[in-house]
Amino acid sequence: MTIGALIDSAVGPIAEGLSPTPHRDAEELYALAAGIAVADIDRDGEPDEKTADEFRRLTGARVSGVPMAYLTGVAPFAGLELRVGAGVFVPRRDFGDVVEPAVAHLAGSTAPVVVDLCTGAGAHALAIAHRRPDAEVHAVEIDEQAYGFAERNAADRVAAGDTGINLHRGDVTSPGVLAELAGSVDVVVSNPPFVPERTPLPPEFGVHQPSIAIFAGADGLRVIRGVIETAARLLRPGGLLVLEHGHLHGETMPALFAADDRFADLGLHADQFGYPLYLVATRAWSRAGPFAGGGRLRSRPPGDVRRRPAGGTVRRRSPSADPGVRRPGSATARPLRRPAWPRRPRCAPDG
Ligand SMILES: C[S@@+](CC[C@H](N)C(=O)[O-])C[C@H]1O[C@@H](n2cnc3c(N)ncnc32)[C@H](O)[C@@H]1O
């Protein structure tokens, strides 16, 4: 049997194991077994016995739902390679575009402040720090194992030359989280858990990945609601929230934001297959002032999250340095229209 035939023989079983990308997985597993790059696979060659056995072992694990990235130990995300393994959510490599509106929003501001709520392995925080070395990036994660991966990834990125991020172990739904940043943040980005408890899921998500990363109460909104509250408190007027919520909340989220006058300019974004993926919303100016008594000069309340810089230096910004800030009234002056999801054809993710 040729290497190509061996790889092809694994595609069907991997697809039956509910992988959306069976061809890509089969090739990557062969490359992993052989210790080579996918580009170097010689489909017409003959596999040696050891490589073939290792490929079958890896294929068996993948068929049972073990995430690809747990097998390879790395997850590509937005141009970075992040370490992952059992105990941490695998950043979705096909969803790296979620950082684009965040990066676009920061264009024109100097030394912006960015917060990633529910950072997991650190994906969004590190991707933005990579693109904006002048940014002061904070990332919050509740789970010890996930936090450990974020720390290692942050250290790797500093070693690779990126600016260090500030990691915080804490609960993003806590009213005291990042209290010192209230009203001073330019972008909040978040991919929180959002699946309703007891929703049947493929083993990759329902069994192998940590449930704290997937499930969030009976309606799936327990953490999302906290993220919205925290974002409303942290963002400066004109600041941007980028919130991933998946197709499960494609209807709920626009309704939630339409009823929330702290946000304006809602934008809905679908993934490449047409499924609702994330939204963006602008922090509106509130007449009462959302940040009364808040801001960086306040001391942190007791019980606030543990704060540990993950290396590198953090630059402070001057509060007046953001040319992109909307003036009072500009955001609320525009009524929040409920936008429609972009229509796109749905298709199978991988041939
Ligand atoms: C869906 S995963 C996303 C991780 C990362 N943002 C990504 O896209 O790869 C959600 C993450 O939120 C964390 N999490 C869940 N509840 C949390 C909470 N209340 N506060 C902080 N982090 C939380 C989980 O441990 C998990 O790492």
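Residues take numbers from 1 onward in each chain, read along the sequence in its written order. Confidence filtering applies because this is a predicted model: local features only for residues at pLDDT of at least 70, side-chain atom pairs given and counted only at 80 or more, and all residues used for totals across whole chains, interfaces and linings.

**Student:** How do you make sense of the site of the ligand when you look at a structure like this?
**Tutor:** Residue proximity rests on one test: whether the C-beta atom, placed from the backbone, lies within 6 Å of the molecule or strand. By nearness alone, 22 residues border the ligand, and Pro91, Cys118, Gly120, Ile142 and Asn191 come closest of all. Where helices and strands are cited, they refer to DSSP runs of H or I of at least four residues and of E of at least two residues respectively, numbered from the N terminus. Where the shell around the ligand is concerned, the elements lending two or more residues are helix H6 (123–131), strand S4 (136–141) and helix H9 (211–214). Note on residue categories: nonpolar means Ala, Val, Leu, Ile, Met, Phe, Trp, Tyr, Cys or Pro, charged means Asp, Glu, Lys or Arg, and polar means any other residue, Gly included. Tallied by class, the residues present in the shell around the ligand amount to 14 nonpolar, five polar and three charged.

**Student:** I'm lost on the packing of helix H1 (residues 3–16) against helix H3 (residues 49–63) in this one. Help?
**Tutor:** Here an axis means a line fitted to C-alpha atoms, over the contact stretch when the element is a helix, while the angle between two N-to-C directions is reported on a 0 to 180 degree scale. Contact pair H1 / H3: the axes reach a minimum separation of 10 Å and the direction vectors enclose 15°. Classified by the angle their axes make, H1 and H3 are roughly parallel. In this structure, H1 crosses over H3, and the sense of that crossing is right-handed. For the pair formed by H1 and H3, the contact residues are Leu6, Ala10, Pro13 and Ile14 on the first element and Ala52, Phe55, Thr59, Arg62 and Val63 on the second. Its residues assigned to classes, the contact of H1 with H3 shows seven nonpolar, one polar and one charged. Under this scheme an angle from 65 to 115 degrees is roughly perpendicular, one under 35 degrees roughly parallel, and one over 145 degrees roughly antiparallel; angles in between are oblique. Left-handed describes a crossing in which the near helix is turned anticlockwise from the far one by less than a right angle; the clockwise case is right-handed. Two residues qualify as being in contact provided that their C-beta atoms, derived from the backbone, are within 7 Å of each other.

**Student:** I'm lost on the environment of valine 242 in this one. Help?
**Tutor:** Of note, valine 242 is situated in strand S7 (residues 235–244). For the pair formed by valine 242 and valine 189, sequence separation is 53 residues and the distance between their alpha carbons is 4.6 Å. When neighbours within four sequence positions are excluded, valine 242 is seen to be in contact with Val98, Pro101, Ala102, Val187, Val189, Tyr278 and Val280.

**Student:** Which parts of the structure should I look at to understand the pairing of strand S5 (residues 166–169)?
**Tutor:** At least two DSSP bridges between two strands are needed for those strands to be called paired. Where S4 meets S5, four bridges bridge the pair, whose relative direction is parallel. Across the sheet, the residue bridging to valine 140 is histidine 168, located in S5. Seen with the strands pointing away from the viewer, any crossover whose path from the first strand over the helix to the second strand runs clockwise is right-handed. Taken together, S4, helix H7 (residues 144–159) and S5 constitute a β-α-β crossover, and its handedness is right-handed.

**Student:** Could you clarify how one ought to interpret H6 in this entry?
**Tutor:** Quick reminder: α-helices carry 3.6 residues per turn. Residues three or four places apart thus point the same way. Of all nine residues making up H6, eight are buried, and the element is well covered by its neighbours. Exposure criterion: with C-beta atoms placed from backbone coordinates, a residue whose C-beta has 20 or more other C-beta atoms within 10 Å is buried, one with 12 or fewer is exposed, and one in between is partly exposed. Residues of H6 that are buried include every one of Ala123, His124, Ala125, Leu126, Ala127, Ile128, Ala129 and His130, and no others.

**Student:** Sorry if this is basic, but what is going on with the pairing of strand S8 (residues 263–270) here?
**Tutor:** In the case of a regular strand, side chains alternate between the two sheet surfaces. Pairing geometry for S8 and strand S9 (residues 276–283), over six bridges, is antiparallel. The residue of S9 that forms the bridge with leucine 268 is leucine 279. Where S8 hands over to S9, the hairpin turn is made up of five residues, of which glycine 274 adopts a positive phi near 95°.

**Student:** What exactly am I supposed to notice about the nonpolar core here?
**Tutor:** In globular proteins that are soluble, nonpolar side chains generally tend to be buried together. Note on terminology: a nonpolar core is a set of buried residues of type Ala, Val, Leu, Ile, Met, Phe, Trp, Tyr or Cys, with members joined through C-beta atoms within 7 Å. Val188, Leu241 and Val242 are the most contacted members of the largest nonpolar core, which totals 76 residues. The next biggest cluster of nonpolar side chains, apart from the first, holds 13 residues, and it includes Ile3, Leu6, Ile7 and Ala26.

**Student:** What's the story with helix H5 (residues 99–106) in this structure? I'm lost.
**Tutor:** Those residues of H5 not exposed but buried are Val99, Ala102, His105 and Leu106. Angular distribution of buried residues about the axis of H5 spans 125°; they occupy a single face of the element. At its buried positions, H5 is contacted by strand S3 (113–117), H6, strand S6 (185–190) and S7. Note on H5: the residue one or two positions beyond its end, glycine 108, has a positive phi of about 100°. The directions from the helix axis to the C-beta atoms are what the arc is built from.

**Student:** Help me out: how do you make sense of the environment of alanine 264 in this one?
**Tutor:** Following the sequence through the fold, alanine 264 ends up in strand S8. Linking alanine 264 and alanine 284, residues 20 residues apart in sequence, is a C-alpha distance of 5.8 Å.

**Student:** What's the story with unusual backbone geometry in this structure? I'm lost.
**Tutor:** Excluding glycine, residues mostly have negative phi values, and the peptide bonds linking residues are mostly trans. A positive phi angle, close to 75°, is found at leucine 18, a residue other than glycine. Considering the arrangement of structural elements, one finds leucine 18 in the loop between H1 and helix H2 (22–34). According to the C-beta neighbour criterion, leucine 18 is partly exposed, with 14 such atoms within 10 Å. Although it is not a glycine, alanine 78 sits at a positive phi angle of roughly 50°. The buried category is assigned to alanine 78, around which 21 C-beta atoms lie within 10 Å.

**Student:** Explain the confidence of the model for the protein to me, please; I cannot follow it from the model alone.
**Tutor:** Note that predicted coordinates carrying low pLDDT should not be read in detail. For the protein, mean pLDDT is 85; residues scoring 70 or higher make up 81% of the total. pLDDT is a residue-level measure of predictor confidence that goes from 0 to 100. Counting interchain partners and residues more than four positions distant, the pLDDT-below-50 stretch residues 290–338 has 103 contacts. Scored below 50 in pLDDT, residues 342–349 makes ten contacts in the model with residues more than four places away or belonging to other chains.

**Student:** What is the right way to look at the packing of H2 against H3 in this model?
**Tutor:** In helix packing, the relevant descriptors are the interaxial angle and the interaxial distance, both defined with respect to the helix axes. Contact geometry for H2 and H3: axes closest at 8 Å, N-to-C directions at 135°. Relative to H3, H2 is oriented oblique. Along this stretch, H2 crosses H3, giving a crossing that reads as right-handed. The residues of H3 that touch H2, namely those facing Asp25, Leu29, Tyr30, Leu32, Ala33 and Ala34, are Thr51, Glu54, Phe55, Leu58, Thr59 and Arg62. Of the residues in the contact of H2 with H3, the class split is seven nonpolar, two polar and three charged.

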